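The chain contents come next:
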Amino acid sequence: MRTQVGIIGAGPSGLLLSHLLHLAGIDSIVLETRSRDYVESRVRAGLLEQGSVETLTEAGVADRLHREGLVHHGIELRFDGVGHRIPLTDLTGKVVTIYGQQEVVKDLIAARIAAGARRDHAPILFDVEDVAVHDVTGSPRITFRHEGREQVVECDVIGGCDGFHGICRPAIPDLAIYERVYPFAWLGILSHSRPVSEELIYARHADGFALATMRSNTVSRLYLQCAPDEDLSLWPDARIWEELHRRLGCGDELEEGKIFQKGVTPMRSFVCETMRHGRLFLAGDAAHIVPPTGAKGMNLAIADIRVLARGLERFYARGETDLLDRYAEICLRRIWKGQRFSWWMTSMLHRFDGDDPFEHRVQVAELDYVSTSRAAMTTLAENYVGLPFEV
Ligand code: FAD
Ligand code: DHB
């Protein structure tokens, strides 16, 4: 099989890359180890920066996003039992939108399949096995097994969009890696219940952080700081609600509903600065991970893909490689700002075991400052809604 760009991974990165290339008349194939059903139901991120929504809108895959997404103009920071609103739109002129990652994935898969029906190969192959990349500094090839048959894709360029545990990053020698692992995780639930408030609540509490967000007007998404190796069997529903009530401090406003999904998300900051090796380009979680506080993960992935897609467009249209040559440099400027913001939000809002009373008071002073100074609020707000794109 021959294509122009071979893409590994059907998460937001790989699917958006394939779609943007299609719009530019560039052929690609996406290879994914999981089933379509699995990737369309995997619960992850839920908050889109304004620039991410604009990217999906310009790409023509945002009709449902505009119908079903919830547009937000502010967030609340809660500490010492009191809420403080950060008016995002008043401070920045921008909004954020709540729309589940799996919905973005469904919309992109539908668009790829609709467009791909005219090609001589399927746009996406699900349930592939034993994916490996070869000769990425020469004539790239991807080998894999599909429906019991060994197959090869020959291509000009490989998009390594296979997430943190994929095979593309390990295929690159001498990686430049920067990493921090946090001593806690998030226990996340989805519940059939009305959101506790119209806007998101980020709560700092002596017993640990809590976040109240949502997926719709009838589905709440709630998170609790927990141990990195937390045993979910020790968290029956009643304990989760009790802890959410205590940490959020919203009284009867927090409606308890049927919990239909539970999971633990570990927290790490990770950057692989080697985002390109020959004709292999890493994008999204394959190259970087942020702790979820502030919801930058999927948004950074979308920003990488904008640069990569534009670079490939120029390469195929005019033979120019200038943008591709600057791919890592351009992406890393945004990635490090996203890392800084996610690390800062995480540090400000979580309980760190072993913190002494001095550190505790500095943390509360920082929250107090961010909630009362217009300059400090603006710093939070402009990062939260998304910094401007370079490309
Ligand atoms: P992924 O979504 O990980 O997609 C990679 C794809 O590659 C997957 O479909 C995978 O199955 C596939 N793949 C892996 N290996 C191979 C292989 N060898 N061959 C072929 N395919 C392969 N971000 C937020 O902003 N807010 C959140 O609340 C949040 N919660 C999260 C919870 C969890 C449990 C996780 C893991 C992440 C969370 N994130 C969150 C981060 C966000 O979901 C990611 O940043 C986003 O998914 C990145 O998209 P991606 O396409 O780069 O990677
Ligand atoms: C969501 C997750 C986040 O980490 C965050 O900061 C905001 C929203 C969410 O899942 O909706």
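Residues numbered from 1 in each chain as written. Chains lettered and ligands numbered in written order. Predicted model: local features only at pLDDT ≥ 70, side-chain atom pairs only at ≥ 80, totals over all residues.

- The name recorded for the protein in an unreviewed UniProt entry is 4-hydroxybenzoate 3-monooxygenase, from Falsiroseomonas bella.

Things to note about the overall build of the protein
Here is step 1 of the chain: Check the secondary structure of the protein and you find 12 helices and 20 strands.
Here is step 2 of the chain: Radius of gyration (C-alpha) of the protein: 21 Å, near the 21 Å computed for a compact globule of 391 residues.
Here is step 3 of the chain: Referenced to the eigenvectors of the C-alpha coordinate spread, the extents of the protein come out at roughly 60 × 40 × 40 Å.
Here is step 4 of the chain: A burial count over the protein gives 44% of its 391 residues as buried.
Here is step 5 of the chain: Within the protein, counting contacts between residues at least 6 apart in sequence, those at least 24 apart form 73% of the total. (Helix = DSSP H or I, 4+ residues; strand = E, 2+ residues; numbered from the N terminus. Rg over C-alpha atoms; globule rule 2.2 N^0.38 Å. Buried ≥ 20, exposed ≤ 12 C-beta atoms within 10 Å, placed from the backbone. Contact = placed C-beta atoms within 7 Å.)

Details of unusual backbone geometry
Here is step 1 of the chain: Non-glycine residue D135 carries a positive phi angle of around 50°.
Here is step 2 of the chain: Note that D135 resides in the loop between β9 (129–134) and β10 (141–146).
Here is step 3 of the chain: One non-glycine residue with positive phi stands out, namely A295, at about 60°.
Here is step 4 of the chain: Mapped onto the fold, A295 is located in the loop between β20 (288–289) and α8 (297–318).

Regarding the site of ligand 2
Here is step 1 of the chain: Around ligand 2 lies a shell formed by A45, G46, L47, I98, L200, T213, R221, P292, T293, G294 and A295.
Here is step 2 of the chain: Of the residues contributing to the shell around ligand 2, the split by class is six nonpolar, four polar and one charged.
Here is step 3 of the chain: Summarising the domain contributions, the shell around ligand 2 has at least three residues from each of domain 1 (5–69 + 98–178 + 268–345) and domain 2 (180–266 + 351–385). (Near = placed C-beta within 6 Å. Nonpolar A, V, L, I, M, F, W, Y, C, P; charged D, E, K, R; others polar. Domains from an automatic or database assignment.)

Some details on the sheet that holds β9
Here is step 1 of the chain: Read across the sheet, three strands follow the order β9-β10-β11 without closing on themselves; strand pairing throughout is antiparallel. The open sheet terminates on both sides in strands that have one partner only, identified here as β9 and β11 (149–154). Across the sheet, the axes of successive neighbouring strands diverge by a mean angle of 15°, strand direction being ignored.
Here is step 2 of the chain: Note: β10 against β11, six bridges, orientation antiparallel. Bridging across to β11, R145 finds its partner in E150. (Pairing = 2+ DSSP bridges. Axes fitted to C-alpha atoms, helices over the stretch in contact; angles between N-to-C directions.)

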